[in-house]
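# Notes for the structure review
Next come the chains, spelled out residue by residue.
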Amino acid sequence: MEYSFISGATGGIGKAFCIALAKRGDNLFITGRSQEKLSVLADELSEKYNVSVLYFACDLTSEVARDKMLDYIDDKGLKFNRIINVAGADIQKPFMEYTKEKVLFQTRVNAEAGVCLTFSLLKRRASKVEVITISSMSGASPMPNFALYSATKALLINFFTSLHYELKKDGVKVTVVMPGGVPTRPDVIEDIKGQGLWGKLSSKSPTFVAEKSLKAVRKNKVKYIPGFFNKFLNFIMKLVPKCIVLRFIERRWRKIRKDAF
């Protein structure tokens with residue numbers, strides 16, 4: 001039996017992917033950190049949409065935990081026709097205000113986990129497979145005072161763009177998604193409101209991001225940026241001298257502090 005794999009499944013974007021795929025009748029394998037939340041979500045989806053939903057609680061920053069999840073997958077004999085990497089750590093503050101533990105945590109969950117899971121799950125793929133990875137508009141440029149987050153998101157953009165062309169000959173579709181603000185938690189919603197018109201124009205709902213991303217990968221797009229304003233902003237950033245962009249970003253993010261994990 002074939003399944004769609006979704007990490008960060010109980011969060012806003014991850015849950016939106018789960019619902020969008022379950023509506024289509026796809027079987028799901030979901031993971032996140034909370035066993036309780038995964039169990040509740042799996043029951044809701046399987047009952048409402050009559051699909052098979054398997055789950056495994058996993059700390060994606062741990063190689064040991066990821067290997068245990070892969071052992072469970074192998075015991076079930078699962079094959080994957082879709083790999084969706086959503087999990088990420090939304091830590092936003094100047095680099096020297098981090099602890100070493102936070103540096104490692106954000107780097108591992110944002111970059112290492114998605115890359116390693118994609119490698120392992122592609123070895124367990126069905127005859128046809130789509131790969132979607134949620135990066136961010138923040139990865140489009142270096143971001144002073146937001147450096148580690150933007151750097152890890154840029155890694156995802158570069159890696160999965162490369163993978164798109166590397167695996168094209170094998171019939172594997174790979175799309176990396178670069179959303180702007182997505183109202184997924186109360187703190188994120190407040191951040192978007194605090195950005196005024198900029199935040200309103202940039203923001204797209206989790207459902208919009210999930211459904212449009214699924215359409216993008218079906219068309220085998222390399223990158224997908226949700227929303228006209230974000231596409232326009234990405235275009236402008238390429239035209240403006242980098243030093244001006246970086247000075248603007250440094251001032252814009254100077255006072256932002258978020259340690260959500």
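Residues numbered from 1 in each chain as written. Predicted model: local features only at pLDDT ≥ 70, side-chain atom pairs only at ≥ 80, totals over all residues. Heavy atoms only, no water.

Let's shift gears to the packing of helix α1 (residues 12-23) against helix α8 (residues 206-218). The interhelical angle for the contact between α1 and α8, taken along N-to-C directions, is 55°, at an axis separation of 8 Å. Regarding the angle of α1 to α8, the classification is oblique. Seen from above, α1 lies across α8 with right-handed handedness. Residues Gly12, Ile13, Ala16, Phe17, Ala20 and Leu21 of α1 pack against Pro206, Thr207, Val209, Ala210, Glu211, Ser213 and Leu214 of α8. Tallied by class, residues from the contact of α1 with α8 come to nine nonpolar, three polar and one charged. (Axes fitted to C-alpha atoms, helices over the stretch in contact; angles between N-to-C directions. Helix = DSSP H or I, 4+ residues; strand = E, 2+ residues; numbered from the N terminus. Parallel < 35°, antiparallel > 145°, perpendicular 65-115°, else oblique. Left-handed = near helix turned anticlockwise from the far one by under 90°. Contact = heavy atoms within 4.5 Å. Nonpolar A, V, L, I, M, F, W, Y, C, P; charged D, E, K, R; others polar.)

All chains considered together, the criterion is met by four salt bridges. Note that Arg82 and Asp26 form a salt bridge whose closest N and O atoms lie 2.8 Å from each other. Placement of Arg82 in strand β4 (residues 79-85) and of Asp26 in the loop between α1 and β2 (28-32) is noted, with a sequence separation of 56 residues between them. Considered together, Arg82 and Asp26 belong to a single accessibility category, that of buried residues. Where Arg124 meets Asp74, a salt bridge forms, and the shortest distance between an N and an O atom there is 2.8 Å. Residue Arg124 is found in the loop between α4 (100-122) and β6 (125-134), and its partner Asp74 is found in helix α3 (residues 63-76); the two are separated by 50 residues along the sequence. (Salt bridge = Lys/Arg side-chain N within 4 Å of Asp/Glu carboxyl O. Buried < 20%, exposed > 50% of the residue type's maximum accessible area, 1.4 Å probe, protein only.)

This next bit is on the sheet that holds strand β8 (residues 223-224). Read across the sheet, seven strands follow the order β3-β2-β1-β4-β6-β7-β8 without closing on themselves; strand pairing throughout is parallel. Where the open sheet ends on each side, the last strands, each with one partner, are β3 (53-57) and β8. Here five bridges tie β4 to β6, and the two strands are oriented parallel to one another. Bridging from a neighbouring strand, Asn85 pairs with Thr133 of β6. The strands that α3 touches are β1 (2-6), β2, β3 and β4; relative to β3, the one it contacts most, it runs at about 155°. (Pairing = 2+ DSSP bridges.)

Take the packing of aromatic side chains next. Per the stated rule, a full pass over the model turns up nine aromatic pairs. Taking the centre distance of 4.8 Å and the plane angle of 5° together, the rings of Phe146 and Tyr149 count as stacked. Residue class for Phe146 comes out buried when judged on its relative accessible area of 3%. On the accessibility criterion, Tyr149 (12% relative accessible area) is buried. Pairing Phe159 with Phe160 gives two aromatic rings, centres 4.9 Å apart and planes at 90°, and the pair type is edge-to-face. Of the residues examined, Phe159 reaches a relative accessible area of 29% and is grouped as partly exposed. By relative accessible area, Phe160 is classed as buried at 0%. Aromatic rings pair up to connect Phe5, Phe29, Phe56, Tyr72 and Phe80 into one cluster. Stacked on the ring of Phe208, the Lys or Arg Lys204 has its end atom at 5.0 Å from the ring centre. (Phe/Tyr/Trp six-rings, centres within 6.5 Å; stacked < 30°, edge-to-face > 60°. Lys NZ or Arg CZ within 6 Å of the ring centre and 35° of its normal.)

Another aspect to go through is the pairing of β1. β1 sits mainly inside the fold: four of its five residues count as buried. Relative to β2, β1 is paired through three bridges, and the arrangement is parallel. Bridge pairing in β2 places Ile6 opposite Ile30. For the crossover that starts at β1, traverses α1 and ends in the parallel β2, the hand is right-handed. (Right-handed = clockwise from strand over helix to strand, strands pointing away.)

A grouping of Arg24, Lys212, Lys215, Arg218, Lys219, Lys221 and Lys231 is seen on the molecular surface, where their side chains present a positively charged patch. No other element matches the three residues that α8 contributes to the positive patch. Along the polypeptide, Lys212 turns up in helix α8. (Patch = residues over 30% accessible without salt bridge, like charges linked within 9 Å, V, L, I, M, F, W, Y side chains within 5 Å. Areas by Shrake-Rupley, 256 points an atom, 1.4 Å probe, with all protein chains shown as cover. Lys, Arg positive; Asp, Glu negative; His and termini not counted. Charge placed at Lys NZ, Arg CZ, Asp CG, Glu CD.)

With that out of the way, let us pick up a nonpolar patch on the surface. Together, Phe228, Phe232, Phe235 and Leu239 make up a nonpolar patch on the protein surface, roughly 490 Å² of accessible area in all. Note that Phe235 resides in helix α9 (residues 228-239).

With that settled, the discussion passes to a negative patch on the surface. A contiguous patch of negative charge, built from Glu63, Asp67, Asp71 and Asp75, is present on the exposed surface. On the secondary structure map, Asp67 appears in helix α3.

Now for helix α5 (residues 147-166). Compared with the 28 Å implied by 1.5 Å per residue over 20 residues, the 28 Å span of α5 between its first and last C-alpha is a close match. Among the residues of α5, Leu148, Tyr149, Ser150, Thr152, Lys153, Leu156, Ile157, Phe160, Thr161, Leu163 and His164 are the ones counted as buried. (Expected span 1.5 Å × (residues − 1).)

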